[in-house]
Amino acid sequence: MEWPNGARCAVALTFDVDAESAFVFQNPRKASCRLADVEERRFGVRTGLPRILRLLDRFRLPASFYVPGYTIVHHTAAIRAIRDAGHEMGAHGNVHETLDIFASEGEEERVLRDQLEIWRAYLDLRPSGYRSPSWELNVWTPALLTKYGFAYDSSLMGDDIPYTIDTPSGPLVEVPVQWLLDDAPLYRHVRGSSNGIADPDRVLRMWAQEFDGIHREGRCFVLTMHPWITGRAGRILALEQLLRHIRNHPGVWFATVGDIAAWASSSLPRRPGSGDAGQHSR
Ligand code: ZN
C-alpha cells in the first residue's frame, strides 16, 4: 500500500461517542429507571470527551468521531464541540441499534434515514462516513450506504489496509477495524465477569506493538476508543504515551478515516476477488 507523500503507514484515531445510547437500546426499561448505568456512560460526553478534545488539540492531531443520533439529540452541545473543533464526524446508528436486529433492508433503511434527518436538524451536516454499532453489518448494508452517499464504512475486519466492497450502487471503501485495537474489550468493567480491568501499561504495550508491526508492514492503524471508557484520567495518560511512541517513528500519516478512505478510493486498484457485498456476510 502506498501512502501520500511517501508516508510509511497511516494512523487514524477514532472515537465512538455512544454515551448511554447502547444501554438504552439494549435495556430500554432499565435505562428509564436505573441512574447508575446511565451516569457511568454519560461520563463520556460530560468529562471524557472534553479531555480527549484537549489532548488532540495539544498534539494538533485530527480524529474521527462516530456518533449515534441519540447522542446528538441528548448531548447536543458536547457533540457540536467536536464539529466546531474541526474533527471528522460519522454516523453510528440511531439508538446504537445493532444491525442484526433488522429482518429486511427496508427496516434498516428507515433507521438510516432517521439518522440523517437528526444530523441535518441538529448539526447541519451530512456524514460521509459510517461505523456500524457494535461492528455488525448485514449483507445489504454496503449497498444501502452507497445509495445514501456514504463514501466509506469502518466496521469490518477483512484486512489491515483499506479495501473496496462492490455494490450495485458503486464501490464502498472499507477502512478496517480490529478488536485488538478497541478499548472496550480491554478496559470495560462488566459486572459479574472475570475479565477484570486491564492495566493501562499492558494496553499501551499491546497497541504500541501492533503499531510497530503496522509501521514495519506499511499498513493502516485504526484505533477505536469510547470517551466513557478511554476518557478516564489515567487512560488518557496512556493514550498520550502511545501518541508519543507513534510520533517517534518516521513517516507516519496521522489522518481522519475520511482522508484515508478518499486516498484509498483514488489510489486503490480494484483487487481481483475483493468480492461483492454478498461475500462479506457475517
Ligand atoms: Zn458504539
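This text follows the structure it describes.
All figures in this text were calculated on a predicted structure; none of them were measured in a lab. (Residues numbered from 1 in each chain as written. Predicted model: local features only at pLDDT ≥ 70, side-chain atom pairs only at ≥ 80, totals over all residues. Heavy atoms only, no water.)

**Q** Give a detailed account of empty space enclosed by the protein, specifying residues and quantitative values.
**A** This structure, assessed with the given rule, holds 2 cavities of 30 Å³ or more. Lining the largest cavity, in full, are G93, E97, L99, F102, E108, V111, L112, Q115, Y130, T141, L144 and L145. Of all the secondary structure elements, the ones that give two or more residues to the lining of the largest cavity are α6 (105–123) and α7 (141–147). A per-element tally of the lining of the largest cavity places α6 first, with 4 residues. Its residues assigned to classes, the lining of the largest cavity shows 7 nonpolar, 3 polar and 2 charged. In this structure, the second largest cavity encloses a volume near 50 Å³. Lining of the second largest cavity is provided by Y187, V203, L204, W207, M225, T230, R235, A238, L239 and L242. Listed by contribution, the elements that provide at least two residues to the lining of the second largest cavity are α9 (200–217) and α11 (233–247). Broken down by element, the lining of the second largest cavity gets its largest block of residues, 4 residues, from α11. For the lining of the second largest cavity, the residue count by class is 8 nonpolar, 1 polar and 1 charged. (1 Å grid on protein atoms, 1.4 Å probe; cavity = no way out; pocket = protein on both sides within 12 Å on 5 of 7 lines; lining within 4 Å. Points joined across faces, edges and corners; volume = space filled by probe spheres on them. Helix = DSSP H or I, 4+ residues; strand = E, 2+ residues; numbered from the N terminus. Nonpolar A, V, L, I, M, F, W, Y, C, P; charged D, E, K, R; others polar.)

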